[in-house]
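Observations on the model geometry
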Amino acid sequence: DVKVTQSSRYLVKRTGEKVFLECVQDMDHENMFWYRQDPGLGLRLIYFSYDVKMKEKGDIPEGYSVSREKKERFSLILESASTNQTSMYLCASSFHLGTRTYEQYFGPGTRLTVT
Amino acid sequence: QQPVQSPQAVILREGEDAVINCSSSKALYSVHWYRQKHGEAPIFLMILLKGGEQKGHDKISASFNEKKQQSSLYLTASQLSYSGTYFCGTEIAGGYNKLIFGAGTRLAVHP
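Residues numbered from 1 in each chain as written. Chains lettered and ligands numbered in written order. Predicted model: local features only at pLDDT ≥ 70, side-chain atom pairs only at ≥ 80, totals over all residues. Heavy atoms only, no water.

1. Regarding the packing of aromatic side chains
Under the criterion given, the structure shown has ten aromatic pairs over all chains. Judged by centre distance (5.8 Å) and plane angle (65 degrees), the ring pair of F95 of chain A and Y102 of chain A falls under edge-to-face. Assessed through its relative accessible area of 15%, Y102 of chain A is described here as buried. For the pair Y34 of chain B and F44 of chain B, a centre-to-centre distance of 5.9 Å together with 70 degrees between the ring planes defines the contact as edge-to-face. Taken together, the residues span a long stretch of sequence, with Y34 of chain B in strand β4 (residues 30-36) and F44 of chain B in strand β5 (residues 43-49) at a distance of ten residues. We classify Y34 of chain B as buried; its relative accessible area is 0%. The partly exposed category is assigned to F44 of chain B, whose relative accessible area is 22%. Among the aromatic side chains, those forming a connected cluster through ring pairs are F33, Y35, F48 and F106 of chain A together with Y34, F44 and F101 of chain B. (Phe/Tyr/Trp six-rings, centres within 6.5 Å; stacked < 30°, edge-to-face > 60°. Buried < 20%, exposed > 50% of the residue type's maximum accessible area, 1.4 Å probe, protein only. Helix = DSSP H or I, 4+ residues; strand = E, 2+ residues; numbered from the N terminus.)

2. As for the interface of chain B and chain A
With 25 residues of chain B at the interface, the matching set in chain A holds 27 residues. In total, chain B and chain A occlude about 2,000 Å² of area from one another, counting both sides; carbon and sulfur atoms represent 54% of this. Three residues stand out in chain B for area buried against chain A, namely Y96, N97 and F101 of chain B, and they jointly supply 32% of the buried area on that side. The interface formed by chain B and chain A includes zero salt bridges. If you list the elements that add at least two residues to the side of chain B that touches chain A, you get β4, β5, β9 (84-91) and β10 (100-101) of chain B. Of the residues forming the side of chain B that touches chain A, the biggest block, four residues, is contributed by β4 of chain B. Residue composition of the side of chain B that touches chain A, grouped by class: 13 nonpolar, eight polar and four charged. (Contact = heavy atoms within 4.5 Å. Buried area = accessible area lost by both parts, 1.4 Å probe. Salt bridge = Lys/Arg side-chain N within 4 Å of Asp/Glu carboxyl O. Nonpolar A, V, L, I, M, F, W, Y, C, P; charged D, E, K, R; others polar.)

Function cannot be inferred from these measures alone, as they are strictly geometric.
Structure (structure tokens):
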């Protein structure tokens, strides 16, 4: 079974703190994704990575950065957390081979509260 | 541009059918469908590819109208376990499996 794990299920941080969210997958997937999920808005893509050290902005990258130093690990960084970044954060991974499309496997999510 | 899902919510009794629609303004390469139960990760249901190929669930069917950039998910003879929020994710060609998800459709199945 593919497993995508996230470092914390719940996290509470203060405004201005630097926050690291970690995601690890065990299936040697090339692609990894970070989404945030808010009621009524669905899943919105923050950043994705298709290879080690490669990253692409998603639809809402402002206020976030990412790091992918190893194939299995993809980190989301909030440089200076703000209250409007309170949300559920979901990590996902998928294969990438040519132009074929593959399903994404999601982690359990991290509910981040910024106070 | 986020795809538009309809309806936003639907309530069913066990055994009833439902259709969830997903509409995009962009030319699509594929449409993915996922279901998320409360407090859990979204799980994959189905992929529909341009050209008609499908991969996915044997109890749930879907269609993809490439000309209209629309997909529909058909839930027949619903079971209690079908309850959850359904998301469509749309992919354009050359997108590295990057998906743009709709806002979701909440489905509740009651006995």
